There are 4 protein chains.
Amino acid sequence: MKSTAVLLIDCPDRRGLVARVSGLLYEHGANILHADQHQDHELGLFFMRVEWGIGPADGGALDEVGGRGNRPADAFDGNFDLDGFRAAFAVLARELNMRWQLTSSARRPRVAIFCSQYLHCVADLLHRSSTGELDCEIPVIVSNHREVESLSGFYGIPFEYLPVTAAAKAESEARQMALLEQNEIDLVVLARYMQILSPAFVARYPAAIINVHHSFLPAFTGARPYHAAHARGVKLIGATSHYVTDLLDDGPIIEQDVARISHRDQVEDLVARGRDLERVVLARAVRWHLDRRILCYGNKTVVFD
Amino acid sequence: MKSTAVLLIDCPDRRGLVARVSGLLYEHGANILHADQHQDHELGLFFMRVEWGIGPADGGALDEVGGRGNRPADAFDGNFDLDGFRAAFAVLARELNMRWQLTSSARRPRVAIFCSQYLHCVADLLHRSSTGELDCEIPVIVSNHREVESLSGFYGIPFEYLPVTAAAKAESEARQMALLEQNEIDLVVLARYMQILSPAFVARYPAAIINVHHSFLPAFTGARPYHAAHARGVKLIGATSHYVTDLLDDGPIIEQDVARISHRDQVEDLVARGRDLERVVLARAVRWHLDRRILCYGNKTVVFD
Amino acid sequence: MKSTAVLLIDCPDRRGLVARVSGLLYEHGANILHADQHQDHELGLFFMRVEWGIGPADGGALDEVGGRGNRPADAFDGNFDLDGFRAAFAVLARELNMRWQLTSSARRPRVAIFCSQYLHCVADLLHRSSTGELDCEIPVIVSNHREVESLSGFYGIPFEYLPVTAAAKAESEARQMALLEQNEIDLVVLARYMQILSPAFVARYPAAIINVHHSFLPAFTGARPYHAAHARGVKLIGATSHYVTDLLDDGPIIEQDVARISHRDQVEDLVARGRDLERVVLARAVRWHLDRRILCYGNKTVVFD
Amino acid sequence: MKSTAVLLIDCPDRRGLVARVSGLLYEHGANILHADQHQDHELGLFFMRVEWGIGPADGGALDEVGGRGNRPADAFDGNFDLDGFRAAFAVLARELNMRWQLTSSARRPRVAIFCSQYLHCVADLLHRSSTGELDCEIPVIVSNHREVESLSGFYGIPFEYLPVTAAAKAESEARQMALLEQNEIDLVVLARYMQILSPAFVARYPAAIINVHHSFLPAFTGARPYHAAHARGVKLIGATSHYVTDLLDDGPIIEQDVARISHRDQVEDLVARGRDLERVVLARAVRWHLDRRILCYGNKTVVFD
């Protein structure tokens with residue numbers, strides 16, 4: 001993997017935005033690897049994601065599928081001046097009324113995983129992280145149960161047991177938030193974490209808490225969605241990953257998937273089938289977030305693929 | 001295609017049901033072509049579908065995929081005594097507290113199609129009917145618009161224009177129901193018919209009115225579901241076919257399917273993608289109903305495939 | 001629908017391509033509606049599609065889903081100088097070694113449909129064309145069978161019956177090609193047309209003949225793929241739309257889809273299920289081609305969505 | 001979970017098979033939980049799976065979704081005479097020329113997992129086994145690499161490192177087969193095991209070795225299927241689980257699934273997407289085998305769901 005920078009932009013739409021941004025990158029010598037735009041014509045908004053090389057590869061061994069022998073010679077840039085570009089871009093962004101993030105792969109995002117007693121999602125995320133599929137640090141796993149402790153140990157990740165009771169919920173959250181501060185967490189992943197976060201917690205991490213809900217939202221919000229799906233007699237079940245907002249199960253949807261069921265499937269079959277959906281839907285959302293492919297606007301997401 | 005009989009059963013579960021039913025069929029010499037059972041262990045219910053040969057093939061030319069040369073010689077039965085079996089089975093059914101339907105392919109179901117101005121579903125059903133994929137008679141097409149008239153003409157099916165106004169809704173329905181009576185209709189298919197049927201109409205055709213709703217129910221009930229899906233920012237859209245009951249969009253679900261969308265898709269893209277879902281989801285439901293594969297119980301369906 | 005221009009580009013990758021193209025469009029006052037790029041890093045190739053407004057809307061009535069009331073005021077441009085831009089772009093394209101196509105929605109593509117005795121694909125295309133989903137003219141339908149004649153008549157499209165025999169194949173093709181010439185055909189759609197076109201025919205329409213093959217290519221090339229799929233015992237069947245090249249069933253794949261089957265499905269069930277796949281897979285390919293979303297390179301396609 | 005027996009049957013089709021089998025079960029007092037039949041009319045074959053209760057539940061705690069409070073009182077049978085039934089059934093089976101297996105959940109199948117350096121499938125199977133989703137014993141994990149050693153340790157499963165070299169392949173296989181013997185293995189799962197088993201090995205475990213191939217078979221057999229899929233430009237990738245036979249990648253297919261890709265996906269993206277398919281497709285096959293839902297005939301499977 002090579003070092004890259006990613007620029008995410010959203011702003012009011014107007015003529016010449018692509019020309020202005022790509023022109024500035026060209027002036028600074030950027031070798032663009034990926035560029036993607038989107039316009040919401042109804043709302044008059046423009047969205048853009050650009051990724052370009054900023055330094056040599058990190059020297060890791062090539063994996064089995066590598067061997068990109070005939071990549072153009074200049075694809076690995078040695079000395080892109082990211083700070084210089086940042087300063088120049090800030091001027092342009094102000095002029096064009098842009099919201100923007102400019103990040104470098106040199107800093108790996110730091111992720112905290114929260115879970116309760118069901119471990120399929122956390123086990124999946126840890127495995128993917130261990131194989132390099134998720135490019136992040138995971139400095140801490142937080143749970144109100146002890147089931148995840150040995151798994152955390154296997155992957156060498158500190159585990160924090162923070163039971164949550166109705167009486168002492170505020171105190172528990174204060175300890176959680178202190179942990180996140182200490183560990184400089186960028187992203188919180190709720191991997192089937194069964195507690196509802198307070199508005200104060202949510203407000204502290206806007207578009208930086210990802211949850212997986214075990215239904216095809218907006219159907220079957222709230223508790224026990226597989227029971228509700230079974231009772232309604234649906235023919236497909238689903239899972240949804242989304243950013244957490246104040247309204248329960250109502251945040252911007254990142255990814256959804258479904259699986260076919262039949263009258264033969266009891267609730268426990270839905271639970272089992274659903275676990276496969278939850279894993280995949282959550283993992284995709286986390287990967288896209290880490291790759292800075294997601295832009296939120298209103299209550300929706302743009303996911304550049 | 002050969003002549004077959006289909007027996008559909010539901011009853012309280014108890015030991016020996018399969019043995020009793022299959023034993024009686026065996027005594028009467030039935031050559032079972034398909035048999036399927038289902039037990040709802042929670043509710044203690046038993047469901048069964050059996051299909052067997054009752055007479056020679058109808059003599060139609062073999063289609064391209066035919067040529068089942070090595071079918072056992074006795075698969076085409078000449079003389080199953082359906083009336084005799086019916087009388088014997090009625091005794092058993094009473095003893096075992098069964099609800100049951102025994103139908104013969106000798107009588108083709110008679111279907112009325114209702115539509116409004118969008119023709120994709122009705123065009124699809126008519127094409128499938130013309131190719132033999134749907135084994136039914138369609139003696140009448142009813143619409144509150146005139147768009148379907150030329151299509152009806154092309155397929156040689158009588159078209160009845162019955163405008164529906166708020167003021168004269170009861171009168172319109174009375175005319176519709178008279179048409180259904182005259183044409184001895186067994187099944188009403190609402191192929192994007194934009195009017196809501198009265199409780200009296202619905203009560204007249206229990207589990208015999210199939211509707212297609214352009215969302216993944218129970219999400220986005222009611223009007224303009226594609227607009228609602230777009231506003232919520234879902235990543236998959238769906239369509240649902242179901243039996244019509246008194247509660248709008250709440251009847252037993254027969255089939256559902258979904259398609260992936262992205263932030264690039266505007267409402268009109270959802271409408272276009274959704275048409276393909278609606279067609280397929282409605283056509284499957286109608287075919288399964290005509291093949292007597294569906295049993296309703298509570299607010300759900302068993303679909304024997 | 002409004003008048004737009006589409007520019008499709010492929011060329012060797014190098015820095016500044018997006019900046020150069022978008023800069024030129026900006027200079028000419030283009031209001032970009034959609035822009036998409038792709039880089040094949042292995043082969044060092046760059047692909048781009050840009051669409052922008054060139055004139056007022058065509059004045060057609062807004063459809064049910066329209067109502068884009070808050071679109072920016074300048075979205076409908078009155079007077080983009082397409083010829084001027086074309087001349088300027090030709091200079092740039094020469095410098096950067098680009099292959100390119102610049103087309104305007106003012107000229108609707110002209111499509112010939114070829115079919116044999118199975119009508120599900122042609123019926124589907126004609127219905128979609130009649131509802132405006134496919135933005136093209138269909139001046140002629142060609143078949144070596146007569147089954148499609150009445151359908152052609154219903155849609156008011158001239159039908160040409162051209163039987164093909166082994167002995168007179170060259171003569172038949174000569175007549176076909178003359179028909180295509182007379183009708184100024186841009187795209188030939190083989191909607192389950194059961195004859196193999198000669199290399200000379202194929203060479204005459206590079207990347208302009210779309211076929212649908214009733215399997216998930218490259219599995220089950222050649223004749224009777226559903227029989228082959230049934231014999232192999234696969235659990236999913238597929239369909240593939242592709243551009244026609246000299247090698248049978250080997251051209252660049254445009255779209256594929258699959259459906260789940262089970263041991264219960266006989267060959268005729270696969271045929272029936274497959275028809276739904278074929279329709280959708282072919283219709284998508286035709287729509288994307290008409291919207292100029294497809295670039296061929298090597299034996300592959302880039303499909304900008 | 002309760003104790004159940006499963007009877008799997010295949011035989012030439014004839015009248016009365018269901019009646020005979022279900023009658024015998026009824027005589028012996030069986031409470032049938034699931035019954036399923038299939039007839040292959042082309043080949044004149046009959047297949048049946050019946051599952052019934054044979055003893056009290058195993059006393060495990062009810063899981064979260066349990067609570068089947070209103071199950072009929074007689075669903076948990078205390079004393080089904082399995083040996084008596086087996087003796088009686090053997091007589092019937094001989095008369096009707098049946099092949100059959102009668103198994104009891106009292107004996108949990110014993111599974112050996114073989115893998116090489118890629119661990120996603122084995123990690124997935126071990127996690128599913130640990131949560132009870134796969135009802136089996138896993139007494140040994142065998143690999144020609146050491147990567148799986150710590151994972152084996154975490155789950156407390158003996159790990160056997162058996163390097164395979166071309167020179168000493170026969171010797172390695174002899175040691176593998178000895179291990180399988182010692183551990184009384186019923187099922188061998190090749191979880192991305194990169195060595196080809198000899199015909200002698202395969203012959204020793206007919207329909208008892210499950211492999212996952214990382215393509216949608218029969219497309220892309222052999223090595224490096226993702227490279228081949230990328231080269232061909234397919235729009236969907238797949239994975240296939242199948243029983244191993246002498247012919248490479250040609251055994252009876254148990255399950256297949258696909259995922260959509262685009263021109264943006266490089267080979268390494270296919271590899272990453274494919275891992276999710278491989279996991280699910282292999283896990284389903286193993287679960288269905290353990291639940292004795294699969295019957296092989298010819299080169300195909302019947303999978304009762």
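As the structure is a computational prediction, the values presented were derived from the model and not from experiment.

A short note on the overall build of chain A
Next up, step 1: Broken down by element type, chain A carries 8 helices and 13 strands.
Next up, step 2: Over its C-alpha atoms chain A spans a radius of gyration of 21 Å, differing by no more than 12% from the 19 Å that the globule rule assigns to 305 residues.
Next up, step 3: In terms of overall dimensions, chain A has C-alpha extents of about 60 × 45 × 40 Å along its principal axes.
Next up, step 4: Taking all 305 residues of chain A together, the buried fraction comes to 60%.
Next up, step 5: Long-range contacts, defined as pairs at least 24 residues apart, comprise 68% of the intrachain contacts of chain A with a sequence gap of at least 6.
Next up, step 6: Counting only carbon and sulfur atoms, one obtains 52% of the accessible surface of chain A, whose full area is about 11,800 Å².

A word on the interface of chain B and chain D
Next up, step 1: Each partner contributes to the interface: chain B provides 27 residues, whereas chain D provides 27 residues.
Next up, step 2: Surface buried jointly by chain B and chain D totals about 2,500 Å² across both partners, of which 47% is contributed by carbon and sulfur atoms.
Next up, step 3: A per-residue breakdown of the area chain B buries against chain D is headed by Arg15(B), Tyr26(B) and His41(B), which together make up 29% of the total.
Next up, step 4: If you look at where chain B meets chain D, you find 10 residue pairs in polar contact (both at pLDDT 80 or more).
Next up, step 5: Put simply, the parts of the chain that give the side of chain B that touches chain D at least two residues each are α1 (17-27) and β2 (32-40) of chain B.
Next up, step 6: Class assignment of the residues belonging to the side of chain B that touches chain D gives a composition of 9 nonpolar, 11 polar and 7 charged.

Here's the deal with the relation of the copies chain B and chain D
Next up, step 1: Superposing chain B onto chain D takes a rotation of 180° plus a shift of 0.0 Å along the axis, which leaves an RMSD of 0.0 Å. Taken together, the turn and the small shift mark the pair as related by a two-fold rotation axis. Scanning chain B for the C-alpha nearest the rotation axis identifies Ala19(B), at a separation of 2.7 Å.

What to know about the relation of the copies chain A and chain B
Next up, step 1: Mapping chain A onto chain B leaves a residual RMSD of 0.0 Å; the transformation is a rotation of 180° accompanied by 0.0 Å of translation along its axis.
Next up, step 2: Most of the interface of chain A is mirrored in chain B, where 100% of its interface residues are also at the interface.

Side note on the interface of chain A and chain B
Next up, step 1: Each partner contributes residues to the interface: chain A has 36 residues there, and chain B has 36 residues.
Next up, step 2: Viewed at the interface, chain B and chain A are joined by 8 salt bridges.
Next up, step 3: Residue Asp36(A) is joined to Arg264(B) by a salt bridge in which the shortest nitrogen-to-oxygen separation is 2.8 Å.
Next up, step 4: At the surface where chain A touches chain B, the tally comes to 24 residue pairs in polar contact (both at pLDDT 80 or more).
Next up, step 5: At 7 residues, the largest contribution of residues to the side of chain A that touches chain B is made by strand β11 (residues 253-260) of chain A.
Next up, step 6: Split into classes, the residues belonging to the side of chain A that touches chain B amount to 14 nonpolar, 10 polar and 12 charged.

Regarding the domain arrangement of chain A
How big an interface is tends to be reported as the loss of accessible area on association of its parts.
Residues and elements named next belong to chain A.
Next up, step 1: According to the domain assignment, chain A consists of domain 1 (2-104) and domain 2 (110-303).
Next up, step 2: Put simply, the middle of domain 1 and the middle of domain 2, counted by C-alpha atoms, are 30 Å apart.
Next up, step 3: In this assembly, 14 residues from domain 1 lie in contact with 8 residues from domain 2.
Next up, step 4: On the domain 1 side of the interface with domain 2, the three residues burying the most area are Leu8, Phe47 and Arg49, jointly 47% of the side's total.
Next up, step 5: Connecting domain 1 to domain 2 are 0 salt bridges.
Next up, step 6: Counting across the domain 1 and domain 2 interface gives 4 residue pairs in polar contact (both at pLDDT 80 or more).
Next up, step 7: For the side of domain 1 that touches domain 2, the elements supplying multiple residues, two or more each, are β1 (2-12), β2 (32-40), β3 (45-57) and β4 (99-104).
Next up, step 8: The residue inventory of the side of domain 1 that touches domain 2, partitioned by class, reads 7 nonpolar, 3 polar and 4 charged.

Details of the sheet that holds strand β8 (residues 187-190) of chain C
All names here are of chain C.
Next up, step 1: Taken in spatial order, the 7 strands line up as β7-β6-β5-β8-β9-β10-β11 in an open sheet, and their pairing is mixed. Edge strands, defined here as strands with exactly one partner in the open sheet, are β7 (159-161) and β11 (253-260). For this sheet, the mean angle separating the axes of adjacent strands, direction not counted, is 15°.
Next up, step 2: Against the sheet, helix α5 (residues 169-182) makes contact with β5 (110-115), β6 (137-143), β7 and β8, and its axis sits at roughly 155° relative to β5, the strand it touches most.

So, the packing of helix α7 (residues 225-232) of chain D against helix α8 (residues 267-290) of chain D
Residues and elements named next belong to chain D.
Next up, step 1: Direction vectors running N to C along α7 and α8 enclose 120°, while the axes themselves pass 10 Å from each other. Judged by the inter-axis angle, α7 sits oblique to α8. Of the two possible hands of crossing, α7 and α8 adopt the one that is right-handed. Counted together, Tyr226, His227, Ala229 and His230 of α7 and Val267, Leu270, Val271, Gly274, Arg275 and Glu278 of α8 form the full contact between these two elements.

Thoughts on unusual backbone geometry
Next up, step 1: Backbone torsion omega between Leu217(A) and Pro218(A) reads 10°, so that peptide bond is classified as cis.
Next up, step 2: Checked against the element boundaries, Pro218(A) lands in the loop between β9 (209-213) and α7 (225-232).
Next up, step 3: Unlike most non-glycine residues, Arg224(A) shows phi in positive territory, near 55°.
Next up, step 4: Structurally, Arg224(A) can be placed in the loop between β9 and α7.
Next up, step 5: Residue classification places Arg224(A) among the exposed positions, given a relative accessible area of 51%.
Next up, step 6: Of note, Asp249(B) is a non-glycine position whose phi angle comes to about 60°, a positive value.
Next up, step 7: Along the chain, the position of Asp249(B) falls in the loop between β10 (236-243) and β11 (253-260).
Next up, step 8: You can call Asp249(B) buried: its relative accessible area is 7%.

A look at the packing of aromatic side chains
Next up, step 1: One pass over the structure, following the stated rule, counts 44 aromatic pairs over all chains.
Next up, step 2: Aromatic pair Phe154(C) and Tyr155(C): ring centres 5.0 Å apart, planes at 75°, arrangement edge-to-face.
Next up, step 3: Pairing Phe114(D) with Tyr193(D) gives two aromatic rings, centres 5.2 Å apart and planes at 85°, and the pair type is edge-to-face. You can see Phe114(D) sitting in strand β5 (residues 110-115) and its partner Tyr193(D) sitting in the loop between β8 (187-190) and α6 (199-204), a full 79 residues away along the chain.
Next up, step 4: Put simply, the rings of Trp52(A), Phe80(A), Phe85(A), Phe89(A) and Trp100(A) touch in pairs and so form one group of aromatic residues.
Next up, step 5: Its guanidinium or amino end placed over the ring of Tyr161(A), Arg146(A) lies 4.0 Å from that ring's centre, counting from NZ or CZ.

What about the packing of helix α1 (residues 17-27) of chain D against helix α2 (residues 82-95) of chain D?
All names here are of chain D.
Next up, step 1: Put simply, α1 and α2 touch, their axes get as near as 11 Å, and they point 165° apart. The orientation of α1 with respect to α2, classified from their angle, is roughly antiparallel. Relative to α2, α1 is oriented so that their crossing is right-handed. Of the residues in α2, those touching α1 at Arg20, Val21, Leu24 and Leu25 are Phe85, Ala88, Phe89, Leu92 and Glu95.
Next up, step 2: Across the contact of α1 with α2, the residue classes break down as 7 nonpolar, no polar and 2 charged.

Let's talk about the side chain of Arg293(A)
Residue and element names in this part refer to chain A.
Next up, step 1: One can find arginine 293 in the loop between α8 (267-290) and β12 (294-297).
Next up, step 2: Given the relative accessible area of 18%, arginine 293 is considered buried.
Next up, step 3: Dropping the residues within four chain positions of it, arginine 293 is found in contact with Arg49, Trp288, Val302, Val303, Phe304 and Asp305.

Details of the pairing of strand β5 (residues 110-115) of chain B
Residue and element names in this part refer to chain B.
Next up, step 1: With 5 of its 6 residues buried, β5 lies for the most part within the structure.
Next up, step 2: When β5 meets strand β6 (residues 137-143), the two strands line up parallel, connected through 5 bridges. The partner of alanine 112 across the bridge, within β6, is valine 140.
Next up, step 3: After leaving β5, the chain enters helix α3 (residues 120-130) and then returns to the sheet as β6, a path that is right-handed.
Next up, step 4: Pairing between β5 and strand β8 (residues 187-190): 4 bridges, direction parallel.

Details of the sheet that holds β5(D)
Residue and element names in this part refer to chain D.
Next up, step 1: The 7 strands are arranged β7-β6-β5-β8-β9-β10-β11 in an open sheet whose pairing can be described as mixed. The open sheet has two free edges, formed respectively by β7 (159-161) and β11 (253-260), since each of these has just one partner strand. Sheet twist, expressed as the average angle between the axes of neighbouring strands with direction ignored, equals 15°.
Next up, step 2: As paired strands, strand β10 (residues 236-243) and β11 are joined by 7 bridges and run antiparallel to one another. Paired with isoleucine 237 across the strands is alanine 259, a residue of β11.

A short note on the pattern of salt bridges
All names here are of chain C.
Next up, step 1: Counted according to the given criterion, the structure contains 88 salt bridges over all chains.
Next up, step 2: A salt bridge links glutamate 181 to arginine 204; the shortest N-O distance between them is 2.6 Å. One end of the pair, glutamate 181, is in helix α5; the other, arginine 204, is in helix α6 (residues 199-204), with 23 residues separating them in the sequence.
Next up, step 3: For glutamate 181, a relative accessible area of 44% puts it in the partly exposed group.

About the thresholds
Residues numbered from 1 in each chain as written. Chains lettered and ligands numbered in written order. Predicted model: local features only at pLDDT ≥ 70, side-chain atom pairs only at ≥ 80, totals over all residues. Heavy atoms only, no water. Helix = DSSP H or I, 4+ residues; strand = E, 2+ residues; numbered from the N terminus. Rg over C-alpha atoms; globule rule 2.2 N^0.38 Å. Buried < 20%, exposed > 50% of the residue type's maximum accessible area, 1.4 Å probe, protein only. Contact = heavy atoms within 4.5 Å. Areas by Shrake-Rupley, 256 points an atom, 1.4 Å probe, with all protein chains shown as cover. Buried area = accessible area lost by both parts, 1.4 Å probe. Polar contact = N/O pair within 3.5 Å; in protein donor to acceptor, adjacent residues only side chain to side chain. Nonpolar A, V, L, I, M, F, W, Y, C, P; charged D, E, K, R; others polar. Least-squares fit on C-alpha atoms with pLDDT ≥ 70 in both. Salt bridge = Lys/Arg side-chain N within 4 Å of Asp/Glu carboxyl O. Domains from an automatic or database assignment. Pairing = 2+ DSSP bridges. Axes fitted to C-alpha atoms, helices over the stretch in contact; angles between N-to-C directions. Parallel < 35°, antiparallel > 145°, perpendicular 65-115°, else oblique. Left-handed = near helix turned anticlockwise from the far one by under 90°. Phe/Tyr/Trp six-rings, centres within 6.5 Å; stacked < 30°, edge-to-face > 60°. Lys NZ or Arg CZ within 6 Å of the ring centre and 35° of its normal. Right-handed = clockwise from strand over helix to strand, strands pointing away.

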